[in-house]
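Here's the letter readout for the chains.
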Amino acid sequence: MKTVIIGVLVFLNAHFVFGQSTKAPAYPLITHDPYFSIWSTTDELTASPTKHWTGADHSLIGMIEVDGIIYRFLGKSGDNYETIIPAGDEVNYEALYTESNPGENWMNPSLDDSQWKKGLAPFGNNMTIAKTAWNTKDIWMRRKFTLKDLNADALYLKLNHDDDVEVYLNGEIVYKVKGWTNKYIYVPIPEAAKSKLKTGENLLAVHVINNVGGAIMDAGIVEKVTEKPNPKLQTAVQKKVTVNATQTMYNFSCGKVDLTLTFTSPLLINNLDVLSRPVSYISAKMKATDNLLHDVRLYLGASTDIAVNTPAQEVQATQYSDKGLAILKAGTTSQNVLKLKGDDVRIDWGYMYVAVPKVAGVVQSITKGNDLSNAFTPSANTNLGGKHLTLNTLVNTGKVGSTTKEQVFLLGYDDIQSVQYFQTNLAPWWRKNTTTIENQLAAALTGYRSIIQACEAINRKIYNDALIGGEQYARLCELAYRQSIAAHKLVKSPSGEILFLSKENFSNGSINTVDVTYPSAPLFLVYNPDLLKGMLNGIFYYSESGKWTKPFAAHDLGTYPLANGQTYGEDMPVEECGNMIILTAAIAKVEGNTLYAKKHWKTLSVWADYLSKEGLDPALQLCTDDFAGHLARNANLSLKAIVALGGYAQMAEKLGEKQTAEKYKAITKEMVKKWLEMAADGDHYSLTFNDKGTWSQKYNLVWDKLLKLNLFPKEVYDKEVAYYLTKQNAYGLPLDSRKTYTKSDWVVWTSVLASRKQDFDALVEPMYKYATQTKTRVPLSDWHETTNGNMVGFQARSVVGGYFMKVLEQKLKTK
């Protein structure tokens, strides 16, 4: 018999089955959307604080007390700082500044600065952050502050700068570096500078040089707070970690009790109501190892940093009861809904909740900071304001013996309003029937067993389907599943259409980028094409509403979470037209009808016409691999246009548009002939039509094979694959001959061109090696260096959904 105790931890905004413990770049714990996303970035769950995908601490702490001995099994206390003099993210302080060279003594207290201007910090050229505009190359700031005492010990400079910076304290150098940071960093203040501090007036002087692009300058001083040691606290012994599509499972030894800790984010791709519900489960299963009974208590602490963009933001936390639940609630006091946009940012609106059934043995409290020394001696605080608070839930599970006892917590985030869509704020999908979060919590609790069974079924299906590519390939797909889905937000448009909007994580923060949708698509084509439609609908609307008037598809809909129109600085006309047409053709192929294509036929026809004129020999422009720079006469981009037109002709034929179908069949036939001539380069095909002796992955060709367009001879695939196998490095096939870095999603697409399993395996195995051996400990990066396996850029992006291309090939074999 199994005893089950249900608890709930909710943050409202808001079997990678290896059979044995294995490594991942980062381990997904809570994964729902771009804001509600918590990961462990170390192999041992207790070796580091849990983090948001951007790297900011989103701390969860778990501990178990067994017969009076405390074991920590989840998370680690992160750094905590107390303000000495605030930076501009806390207080818009006034400082003196000049943009004209003040001379070499500018940092000395004795300088006459009476002619300097006054301004509020931060200083910069992005006025959504800055309070004083700075648009020149240099800026010098002098900030005077008063200290009443010198008792502070571990002093740190809190600094945000773009670009080069030098900082002085009472004339003594503190920090000097070339480069920039897009966030606040904490720099230890050297003893020589610290010794210059005095009671009374002091001077912090900063000089920043803006070499190009963004500009920011802000600085303060903080004291690092050291956690009080707890002599009773031990670290649980982690024995194993297992990751599957929807779950991450850890096994621990905690003295005489074994603990199995399972994080389940129920991203049921075929059940949108559950997928959109902002609730995850943490299950703690406990069993004695000696057949005796043991007194056990469980503690779960959640930092209110989960509900802020930066720890400097004020929050308010309170405790109340509703629907039979004891609830802790916390959120920022500002609640600036949908006011913050960008890439390396976190949500600072909505509320986080920690809830458990209101029964005996449960105690909740709110404390300041991350001091765990009294976690099992709860505070009496039930209403508290401040910064960097902790929401504490302590559960007395009673006696634990040889019968497994389970404690379950639920985690979620209600963002209230998720995105802005052409000036209209849209609530999350789960609110579509005006349901409340309390109802969602109740549904999650009531449905726990059935939802876990559904997750286990999805886990088996994802793994078994991917075995078509072998064990290592299946593991890659499992690792990609949650990451890809959780890089989107599911909402309903004002007209009632599904919108599944991606965030371009750490590659500029765009929302609904078409060339991010394109590589992500295979996962959704296999398991729920409606979600892919939700990735295309907004782009179609943008053109069909007249808001986007160009004869090609837009690149994006804005900067997340504001989808009010393209914000990327340059168009990708051939790229995005090709992507939209190919993906619409793929939907038609998967669904066995052209209903979706028919709905958007006029727009598709405009884009097809554009490609027929501009696609064969593309002018100098960017493509999805924009990080590699502009390229004219791009052979792989040309392939995209040709395959897109082949897909358009295929759809036209199914729609009964015989004349149009014949026209575009003729066009593509002629384009293929010319492409084979222009791209020919001996034993392979070149990167560009005019640069022989070059090469590139022709991953766009995979759609010719999967859609059964039969535009290119099989010999083209075979020739390219044979050549690729001569160009591989330790961690994979480079993207092209220009650099040694690669994109893992494109490598998997390229591998599907192979007609022999050994060739497919040869291309995929280095991707698995990268995923399990990389030293870059972040949610899976799709852009890495093939010589050493290090990340080059990007992380936590949806494009790893492209790993499912082999699974999609198998699905389409019968279509």
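In case you missed it, the structure is sitting above this.
*Asks:* Got a minute to help me understand the sheet that holds strand 15 (residues 164-169) in this structure?
*Replies:* Within a beta sheet, neighbouring strands are joined by backbone hydrogen bonds and run either parallel or antiparallel to one another. The 6 strands are arranged 10-9-13-18-15-16 in an open sheet whose pairing can be described as antiparallel. Edge positions in the sheet fall to strand 10 (117-120) and strand 16 (172-177), since each of these pairs with one other strand and no more. On average, each strand axis in the sheet is tilted by 25 degrees relative to the strand beside it, whichever way the strands run.

*Asks:* Would you mind showing me how to read the side chain of S798 here?
*Replies:* Mapped onto the elements, S798 comes out in the loop between strand 42 (791-793) and helix 17 (805-812). Judged by relative accessible area, S798 falls into the buried class, the value being 1%. A distance of 2.8 Å separates the side chain of S798 from the side chain of S520, its partner in a polar contact. Non-local contacts of S798, meaning those with residues more than four positions away in its chain, are made with S484, A487, H488, S502, V516 and S520.

*Asks:* Hey, could you run me through the pairing of strand 4 (residues 37-40) in this one?
*Replies:* Strand residues, when the strand is regular, have side chains that alternate between the two faces of the sheet. Alternating residues of strand 4 divide into S37 and W39 and I38 and S40, and every residue in both groups is buried. By the bridge criterion, 4 bridges tie strand 3 (residues 27-31) to strand 4 in an arrangement that is antiparallel. Residue pairing across strands places P28 opposite W39, the latter belonging to strand 4. Linking strand 3 back to strand 4 in an antiparallel pair, the connection comprises 5 residues. By the bridge criterion, 2 bridges tie strand 4 to strand 5 (residues 51-52) in an arrangement that is antiparallel. Residue pairing across strands places W39 opposite K51, the latter belonging to strand 5.

*Asks:* Sorry if this is basic, but what is going on with the sheet that holds strand 4 here?
*Replies:* Judged by pairing direction, the sheet is antiparallel, and its 3 strands sit side by side in the order 3-4-5 without closing on themselves. Each edge of the open sheet carries a strand with a single partner, namely strand 3 and strand 5.

*Asks:* Looking at this structure, how should I read the nonpolar core?
*Replies:* Among soluble globular proteins, nonpolar side chains are generally buried collectively. Judged by nonpolar contacts, the single largest core of 202 residues is most densely connected at L261, Y481 and W703. Looking at this core, the element that brings in the most residues is helix 11 (residues 635-654), giving 12 residues. With 29 residues, the next largest nonpolar core counts L157, I189, V206 and A215 among its residues.

*Asks:* Before we go on, may I ask you to explain the packing of helix 6 (residues 514-527) against helix 7 (residues 529-544) in this structure?
*Replies:* Helix packing geometry: the angle between the two helix axes and the distance between the axes. The N-to-C vectors of helix 6 and helix 7 enclose an angle of 155 degrees; their axes lie 7 Å apart at closest approach. By the angle between their directions, the pair helix 6 and helix 7 is classed as roughly antiparallel. Crossing of helix 6 against helix 7: the hand is left-handed. On helix 7, the residues touching V514, T517, S520, A521, F524, L525 and Y527 of helix 6 are P529, L531, L532, M535, L536 and I539. Residues belonging to the contact of helix 6 with helix 7 are distributed by class as follows: 11 nonpolar, 2 polar and no charged.

*Asks:* Sorry if this is basic, but what is going on with the pattern of salt bridges here?
*Replies:* Scanning all chains against the criterion turns up 41 salt bridges. Between E471 and R475 there is a salt bridge, with the nearest N and O atoms lying 2.8 Å from each other. Taken together, the residues E471 and R475, both in helix 5 (residues 471-485) and 4 residues apart, mark about one turn of the helix. Assessed through its relative accessible area of 15%, R475 is described here as buried.

*Asks:* Sorry if this is basic, but what is going on with unusual backbone geometry here?
*Replies:* Trans peptide bonds make up the majority, and among non-glycine residues the majority have a negative phi. In this chain, A121 is followed by P122 through a cis amide linkage whose omega measures 0 degrees. Inspection of the secondary structure puts P122 in the loop between strand 10 and strand 11 (123-124). Going from D162 to D163, the amide bond is cis rather than trans, its omega being 10 degrees. Relative to the elements of secondary structure, D163 occurs in the loop between strand 14 (155-162) and strand 15. Backbone geometry places F422, a non-glycine residue, at a positive phi of 50 degrees. Considering the arrangement of structural elements, one finds F422 in the loop between strand 33 (419-421) and strand 34 (424-426). A positive phi angle, near 55 degrees, is found at N710, a position not held by glycine. Note that N710 resides in the loop between helix 13 (702-706) and helix 14 (714-724).

*Asks:* For this particular structure, what's the right way to read helix 6?
*Replies:* An α-helix turns once every 3.6 residues. As a result, residues three or four positions apart point the same way. Helix length check: helix 6 (14 residues) gives 20 Å between terminal C-alpha atoms against 20 Å at 1.5 Å per residue, within 8%. Maximum bend of helix 6: about 55 degrees, positioned at S520, with proline P522 one to four residues after it. Most of helix 6 sits inside the fold, with 14 of its 14 residues counted as buried.

*Asks:* Explain the packing of helix 6 against helix 15 (residues 744-751) here, please?
*Replies:* Two elements in contact, helix 6 and helix 15, have axes separated by 11 Å at closest approach and are oriented at 55 degrees. Between helix 6 and helix 15, the interaxial angle falls into the category oblique. Between helix 6 and helix 15 lies a crossing whose hand is left-handed. Contact residues: helix 6 offers Y518, P519 and P522, while helix 15 offers D745, W746 and W749.

*Asks:* Can you help me understand the environment of Q313 in this one?
*Replies:* One can find Q313 in the loop between strand 25 (294-303) and strand 26 (315-322). C-alpha separation for the pair Q313 and F500, spaced 187 residues apart in sequence, amounts to 30 Å. Setting aside anything within four residues of it in sequence, one finds Q313 in contact with V308, D348, G386 and K387.

*Asks:* Even after reading the chapter, I still don't get the packing of aromatic side chains, so can you show me in this structure?
*Replies:* In the structure shown here, the tally under the stated rule is 43 aromatic pairs. Relative to F263, the ring of Y250 lies with its centre 6.2 Å away and its plane at 85 degrees, an arrangement referred to as edge-to-face. Taken as a pair, Y250 in strand 22 (residues 247-254) and F263 in strand 23 (residues 257-264) lie far apart in primary sequence, 13 residues in all. Taking relative accessible area as the criterion, F263 reaches 0% and is therefore assigned buried. Ring centres of W695 and Y724 lie 6.3 Å apart, and the angle between their planes is 50 degrees; this geometry places the pair in the tilted category. Of this pair, W695 sits in the loop between helix 12 (658-679) and helix 13 while Y724 sits in helix 14, placing them 29 residues apart in sequence. When its relative accessible area of 7% is taken as the criterion, W695 is described as buried. Residue classification places Y724 among the buried residues on the basis of a relative accessible area of 0%.

Conventions and cut-offs
- Residues numbered from 1 in each chain as written.
- Predicted model: local features only at pLDDT ≥ 70, side-chain atom pairs only at ≥ 80, totals over all residues.
- Heavy atoms only, no water.
- Pairing = 2+ DSSP bridges.
- Helix = DSSP H or I, 4+ residues; strand = E, 2+ residues; numbered from the N terminus.
- Axes fitted to C-alpha atoms, helices over the stretch in contact; angles between N-to-C directions.
- Buried < 20%, exposed > 50% of the residue type's maximum accessible area, 1.4 Å probe, protein only.
- Polar contact = N/O pair within 3.5 Å; in protein donor to acceptor, adjacent residues only side chain to side chain.
- Contact = heavy atoms within 4.5 Å.
- Core = buried A, V, L, I, M, F, W, Y, C linked by side-chain atoms within 4.5 Å.
- Parallel < 35°, antiparallel > 145°, perpendicular 65-115°, else oblique.
- Left-handed = near helix turned anticlockwise from the far one by under 90°.
- Nonpolar A, V, L, I, M, F, W, Y, C, P; charged D, E, K, R; others polar.
- Salt bridge = Lys/Arg side-chain N within 4 Å of Asp/Glu carboxyl O.
- Expected span 1.5 Å × (residues − 1).
- Bend = angle between axes of the 7 residues up to and from the residue.
- Phe/Tyr/Trp six-rings, centres within 6.5 Å; stacked < 30°, edge-to-face > 60°.

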